[in-house]
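Single-letter residue listing:
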Amino acid sequence: MPAATLEKLLPSASLALTINGVDYVTNKNIVSLETSWKNNIKMDAGFFPGSGFQTPGDATTGAVRGRLEFGDRQGTLKFSARFDNNSTELTKLKAQTTGTATILLQFDANNSLSITWQKVSFATAEVGETDQFVTVAVECTPIYDATNGLIEVDPIGWTKNGRP
């Protein structure tokens, strides 16, 4: 058994966020941020004749998955922010401007996570309020960029198995 890995938290206070050329942290307008990735694993496709048993040779232990297949992968980016009247971010939102979204979280100089959605568009924008301030909840749609692809993730300080 390997030694326990020391966790290094990536606090939200370290966030750097730029969407479509607008720095939401410097402008002090970001309220919340969520990004995710779903592989849409095909749960039943991995079982096939000859895939094996949990205990080799013992048919009573049940079959094991012999392959892992996935469907259409799905990336999401959602955020909520304050938008000042006639601000650059509001203008870009109204114009449905597409561009890059870059997220950076940092523990220290040697441990950080950078996520770049190469091209996003604004799919939905819902006006609401947070602590009695008007906010807009925005859902972005990641778009494949012919030059840069879809997403780039750079976990600084992590090894290939995801541990320092």
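Our structure's up above, just so we're on the same page.
The rules we used
- Residues numbered from 1 in each chain as written.
- Predicted model: local features only at pLDDT ≥ 70, side-chain atom pairs only at ≥ 80, totals over all residues.
- Heavy atoms only, no water.
- Helix = DSSP H or I, 4+ residues; strand = E, 2+ residues; numbered from the N terminus.
- Rg over C-alpha atoms; globule rule 2.2 N^0.38 Å.
- Buried < 20%, exposed > 50% of the residue type's maximum accessible area, 1.4 Å probe, protein only.
- Contact = heavy atoms within 4.5 Å.
- 1 Å grid on protein atoms, 1.4 Å probe; cavity = no way out; pocket = protein on both sides within 12 Å on 5 of 7 lines; lining within 4 Å.
- Points joined across faces, edges and corners; volume = space filled by probe spheres on them.
- Nonpolar A, V, L, I, M, F, W, Y, C, P; charged D, E, K, R; others polar.
- Polar contact = N/O pair within 3.5 Å; in protein donor to acceptor, adjacent residues only side chain to side chain.
- Salt bridge = Lys/Arg side-chain N within 4 Å of Asp/Glu carboxyl O.
- Pairing = 2+ DSSP bridges.

> Honestly, the overall build of the protein chain in this entry has me stumped. Any pointers?
Scanning the protein chain from N- to C-terminus turns up one helix and eight strands. Seen in sequence order, the protein chain has helices and strands lined up from the N terminus as β-β-β-β-α-β-β-β-β. What you see for the protein chain is a C-alpha radius of gyration of 21 Å, clearly larger than the 15 Å of a compact globule of 164 residues, by over 25%. Principal-axis analysis of the C-alpha atoms gives the protein chain an extent of 70 × 40 × 35 Å. Of all 164 residues assigned to the protein chain, the portion counted as buried reaches 26%. Contacts spanning at least 24 positions in sequence make up 63% of the contacts within the protein chain whose residues lie at least 6 apart.

> Even after reading the chapter, I still don't get the layout of surface pockets, so can you show me in this structure?
Any space left empty among the atoms is revealed by the rolling of a water-sized probe across them. By volume, the largest pocket amounts to about 160 Å³. Lining the largest pocket are Ser12, Leu15, Ile30, Ser32, Leu33, Glu34, Thr35, Ile103, Leu105, Leu113 and Ile115. Every element with two or more residues in the lining of the largest pocket is listed here: strand E3 (30-38), strand E5 (99-108) and strand E6 (111-130). With five residues, E3 is the single largest residue contributor to the lining of the largest pocket. Across the lining of the largest pocket, the residue classes break down as seven nonpolar, three polar and one charged.

> Which parts of the structure should I look at to understand the environment of Ser87?
Take Ser87: it is sitting in the loop between strand E4 (74-81) and helix H1 (88-94). In sequence terms Ser87 and Ala146 are 59 residues apart; their C-alpha atoms lie 30 Å from each other. Within the local environment of Ser87, its side chain forms a polar contact with the backbone oxygen of Asp84, the two atoms lying 2.9 Å apart. At a separation of 3.2 Å, a polar atom in the side chain of Ser87 contacts the main-chain amide nitrogen of Leu90.

> Looking at this structure, how should I read the pattern of salt bridges?
Oppositely charged side chains are able to pair whenever their charged atoms sit close together. Following the criterion strictly, the structure yields one salt bridge and no others. Linking Arg67 and Glu69 is a salt bridge whose minimum nitrogen-to-oxygen distance equals 3.8 Å. Taking relative accessible area as the criterion, Arg67 reaches 38% and is therefore assigned partly exposed.

> Just to check I follow, could you spell out the pairing of E6 for this structure?
Two faces belong to every sheet, and in a regular strand the side chains alternate between them. In terms of strand pairing, E5 meets E6 through eight bridges, oriented antiparallel. Bridge pairing in E6 places Ile103 opposite Ile115. Linking E5 back to E6 in an antiparallel pair, the connection comprises two residues. Relative to strand E8 (residues 151-156), E6 runs antiparallel, the two being bridged by six bridges. Its bridge partner lying in E8, Trp117 is registered against Ile151. Where E6 and strand E7 (residues 133-142) come together, 10 bridges link them in antiparallel fashion. Note on E7: the bridge partner recorded for Thr124 is Glu139.

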